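Here is how the chains run, residue by residue.
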Amino acid sequence: MGFVRKPLICWVFVSMVVFAAQLSNGFYLPGSYMHTYVNGDKIYAKVNSLTSIETELPFSYYSLPYCKPLGGIKKSAENLGELLMGDQIDNSPYRFQMNVNETIYLCTTTPLNEHEVKLLKQRTRDLYQVNMILDNLPVMRFAVQNGVKIQWTGFPVGYTPPGSNDDYIINHLKFTILVHEYEGSNAEIIGTGEEGLGVISESEKKKASGYEIVGFQVSPCSIKYDPDVMTKLHMYDNTNPITCPSELEKYQVIREQERISFTYEVEFVKSDIRWPSRWDAYLKMEGSRVHWFSIMNSLMVIFFLAGIVFVIFLRTVRRDLTRYEELDKEAQAQMNEELSGWKLVVGDVFREPNCSKLLCVMVGDGVQILGMGGVTIVFAALGFMSPASRGMLLTGMIVLFLILGIAAGYVSVRLWRTIKGTSEGWRSVSWSAACFFPGIAFIILTVLNFILWGSSSTGAIPISLYFELFFLWFCISVPLTMIGGFMGTRAEAIEYPVRTNQIPREIPARKYPSWLLVLGAGTLPFGTLFIELFFILSSIWLGRFYYVFGFLLVVLLLLVIVCAEVSVVLTYMHLCVEDWQWWWKAFFASGSVSLYVFLYSINYLVFDLQSLSGPVSATLYLGYSLLMAVAIMLATGTIGFLMSFYFVHYLFSSVKID
């Protein structure tokens, strides 16, 4: 016991340290860590990967011939989530001085060669966006389409007029920085932001007084400069105010031997927006009525299914049980001959299912995924995982998944003991639970990664990160799963309420296959999910912020209820037709929702992502959608199976057997 206990303590300690270290970057509370600046303070913007909704392949900012910082390119520290998402944050030459409005010259490129022209044209036509960050705020751009003002994050690499073969590069940026004057004497700031945990003490409050950045906006345009005049200037020299032209002849065309000059201007505007509210402009919840409709739709499905379950329990099951128990033994025997239904499979209902080990492994992994998703959504709904901390949502999910390996091992082995009646083989079950879903994810991500490597995309996982993920998998997740399995062998066994006959009962033939009903049952859970699924897919593939986690938490709870109800109803229907092979059908009755999720993803690709171009982008999309569908199948199938197991156990424990 001592040998087992020490590794347990060590691994729990390591896991908690990792978890605490990651979450120290992840929490975002109103009033958390902020930077204050005084007049004249220098502030440098950062640049993230170039992104496009046309290709979904991120590329490095400096893969294009942009101006480079004087001190060279330096990468910012990135967390696990940022690396997996393809973010590559670098420093940039864009420098601002607090409350100093100025127009600045940056640099003039060397004459463009054929490769640079081809790359610029391709990035422009693929609608690539430049993503800049100032004081942890993404740059925002406003555009008017059909009389409606639309906000975007980032600005385009270039511009292609309709029906033209020429492309024009964006080489002048007009920044508007919103600042709020902050008095630190009457406030206390508890910081859990990017810089880590920190408390501003009384002595530091006066130092904290100054200006805080609450908005970062840009108006991009293209201007053709005379390179001979511009090359006489040096980086950060002031120039005359610039007016963006409206004639195409005055735009900077992308052409071989062209020398492109880059400039920018900045205007500081005082704002009443307070620092804790500065993300509100990015997180404006559009379509809230649609979210409420989604919830009302789910509630209608739940009440419908709850009515069916109510009828089954109170009218059918209770009536049958009362009638069965009031008869004497001879009458019961006669009744068994005359009646059909769930009472006749009492000696077969707990017979070991086919592929019982696989079922145990899938249920264990489903508990792990469900726990990870549930805890992440709760934390996000409470505001602890903000988009201000890029990549922390994904990092938090990975850390939770690792820790919940204990739950996967425990549930898998305990179900194995229940089915087999012995703990023999628990190590194999635990090992399979530790490798089943992570193995599927690893295979899919490896295939997609080779595609990204071939495209030279920053979305490709570096080989060093592969080793880190292997370390997390085999040095944290696998040992924790084995510990959970060991705990499952020591837990109290679940005893069946009835004995199993030696000879299996023949299942009566039916007009239609039972799997048809099981697959059809997945439409009900999907009905509670599909509206919210649209917003989630839009946030992932169209670059929109998703931050209505309160709605998502409600939808998750409704989904759990619907999955449980659907599985119970289907299980009861199968037992009533003397089909005692309910185990896998209970799992897939609710788990089949993943099939509809994947089909909906294909529908979204065809009708909502029409701009997505090329087989590489489509393959990436389908690969990630398949991984999401597998995770949803395991989570929802586990909900249905566990609820059905409890229902069957309760139902047959009420039958008196001699």
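Residues numbered from 1 in each chain as written. Predicted model: local features only at pLDDT ≥ 70, side-chain atom pairs only at ≥ 80, totals over all residues. Heavy atoms only, no water.

## Section: the sheet that holds strand E2 (residues 90–97)
- The strand order across the open sheet formed by four strands is E2-E1-E5-E6, and the pairing between neighbours is antiparallel. The open sheet has two edge strands, E2 and strand E6 (137–138), and neither has a second partner.
- Of the strand pairs in this sheet, strand E1 (residues 42–47) and strand E5 (residues 132–134) are connected by two bridges, and their pairing is antiparallel. Paired with Lys-46 across the strands is Ile-133, a residue of E5. (Pairing = 2+ DSSP bridges. Helix = DSSP H or I, 4+ residues; strand = E, 2+ residues; numbered from the N terminus.)

## Digging into the packing of helix H13 (residues 514–521) against helix H15 (residues 549–576)
- Running from N to C, H13 and H15 cross one another at 165 degrees; their axes reach a closest spacing of 11 Å. Taken as axis vectors, H13 and H15 run roughly antiparallel relative to one another. Remark: the crossing between H13 and H15 carries right-handed chirality. Seen from H13, the contacting residues are Ser-514, Leu-517, Val-518 and Ala-521; seen from H15, they are Val-566, Leu-570, Met-573 and His-574.
- Counted by class, the contact of H13 with H15 contains six nonpolar, two polar and no charged residues. (Axes fitted to C-alpha atoms, helices over the stretch in contact; angles between N-to-C directions. Parallel < 35°, antiparallel > 145°, perpendicular 65-115°, else oblique. Left-handed = near helix turned anticlockwise from the far one by under 90°. Contact = heavy atoms within 4.5 Å. Nonpolar A, V, L, I, M, F, W, Y, C, P; charged D, E, K, R; others polar.)

## A closer look at the packing of helix H11 (residues 426–454) against helix H18 (residues 614–653)
- Orientation of H11 relative to H18, taken along the N-to-C sense of each, is 175 degrees, at an axis distance of 10 Å. Looking at the two axes, H11 sits roughly antiparallel to H18. Residues Phe-436, Phe-437, Ile-440, Ala-441, Ile-444, Leu-445, Leu-448, Ile-451 and Leu-452 of H11 form the contact with H18, whose participating residues are Val-616, Thr-619, Leu-620, Gly-623, Tyr-624, Leu-626, Leu-627, Val-630, Ala-631 and Leu-634.

## Some remarks on the side chain of Arg-417
- As for its placement among the helices and strands, Arg-417 is situated in helix H10 (residues 405–420).
- Here Arg-417 is buried and forms no salt bridge, its nearest opposite-charge partner Glu-495 lying at an N-O distance of 7.0 Å.
- In this structure the side chain of Arg-417 is engaged in a polar contact, spanning 3.2 Å, whose partner is the backbone oxygen of Gly-488.
- Setting aside anything within four residues of it in sequence, one finds Arg-417 in contact with Thr-422, Ser-423, Gly-488, Thr-489, Arg-490, Ala-491, Glu-492 and Ala-493. (Buried < 20%, exposed > 50% of the residue type's maximum accessible area, 1.4 Å probe, protein only. Lys, Arg positive; Asp, Glu negative; His and termini not counted. Salt bridge = Lys/Arg side-chain N within 4 Å of Asp/Glu carboxyl O. Polar contact = N/O pair within 3.5 Å; in protein donor to acceptor, adjacent residues only side chain to side chain.)

## Remarks on the packing of aromatic side chains
- Per the stated rule, a full pass over the model turns up 41 aromatic pairs.
- Ring geometry for Phe-350 against Phe-652: centres 6.4 Å apart, planes inclined by 75 degrees, an arrangement best described as edge-to-face. Note that Phe-350 is positioned in the loop between helix H7 (329–338) and helix H8 (356–381) and Phe-652 in helix H18, a separation of 302 residues in sequence. Here the two residues Phe-350 and Phe-652 agree in accessibility, since each one is buried.
- Counting every residue linked through ring pairs, the aromatic cluster contains Trp-431, Phe-442, Phe-450, Trp-453, Tyr-466, Phe-470, Trp-473 and Phe-474.
- Taking NZ or CZ as reference, Arg-123 lies 3.8 Å from the ring centre of Phe-59, over its face. (Phe/Tyr/Trp six-rings, centres within 6.5 Å; stacked < 30°, edge-to-face > 60°. Lys NZ or Arg CZ within 6 Å of the ring centre and 35° of its normal.)

## What about helix H12 (residues 463–490)?
- Its 28 residues give H12 an end-to-end C-alpha distance of 40 Å, which sits within 8% of 40 Å, the value for a rise of 1.5 Å per residue.
- Ser-477 marks where H12 bends most, by close to 30 degrees; the proline Pro-479 follows one to four residues later. (Expected span 1.5 Å × (residues − 1). Bend = angle between axes of the 7 residues up to and from the residue.)

## As for the pattern of salt bridges
- The full count for this structure, using the stated rule, is 11 salt bridges.
- Of the charged contacts in the structure, one is a salt bridge between Arg-278 and Asp-135, with a shortest N-O distance of 3.0 Å. With Arg-278 in the loop between strand E16 (261–270) and helix H6 (288–326) and Asp-135 in the loop between E5 and E6, the pair connects residues that are 143 residues apart, well separated along the chain. By the burial criterion, Arg-278 is buried, and Asp-135 matches it.
- A salt bridge links Glu-247 to Lys-250, with the nearest nitrogen and oxygen atoms 3.8 Å apart.
- Residue classification places Glu-247 among the partly exposed positions, given a relative accessible area of 35%.

## Looking at H11
- Between its first and last C-alpha, H11 extends 42 Å over 29 residues, near the 42 Å set by a 1.5 Å rise per residue.
- Within H11, the axis deviates most sharply at Phe-436, by approximately 30 degrees, and proline Pro-438 lies no more than four positions further along.
- Phi turns positive one or two residues past the end of H11, at Ser-456, with a value near 55 degrees.

## Description of the state of the cysteines
- With the rule as written, the count across this model stands at two disulfides.
- Here Cys-67 is linked by a disulfide to Cys-107, with a sulfur-sulfur distance of 1.8 Å. Taking the sign of the S-S torsion, -90 degrees for the link of Cys-67 and Cys-107, the bridge is left-handed. Of the two residues, Cys-67 sits in the loop between E1 and helix H2 (80–85) while Cys-107 sits in strand E3 (residues 102–108), which places them 40 residues apart along the sequence. Neither residue differs from the other here; Cys-67 and Cys-107 are each classed as buried.
- Across a sulfur-sulfur distance of 2.1 Å, Cys-221 and Cys-244 are joined as a disulfide pair. Taking the sign of the torsion about the S-S bond as the criterion, the disulfide between Cys-221 and Cys-244, at about -60 degrees, is left-handed. With Cys-221 in strand E15 (residues 210–221) and Cys-244 in the loop between helix H5 (227–230) and E16, this pair connects stretches of sequence that are 23 residues apart.
- Using a relative accessible area of 36% as the deciding quantity, one classes Cys-244 as partly exposed.
- Taking only the cysteines that form disulfides and numbering them from first to last, the chain has the pattern 1-2, 3-4. (Disulfide = S-S within 2.5 Å.)

## Things to note about the nonpolar core
- In this structure, Tyr-94, Phe-96, Met-132, Phe-175 and Phe-652 are the most contacted members of the largest nonpolar core, which totals 103 residues.
- Core analysis: the next-biggest nonpolar cluster, separate from the first, contains 19 residues, Leu-542, Val-555, Leu-559 and Ile-639 among them. (Core = buried A, V, L, I, M, F, W, Y, C linked by side-chain atoms within 4.5 Å.)

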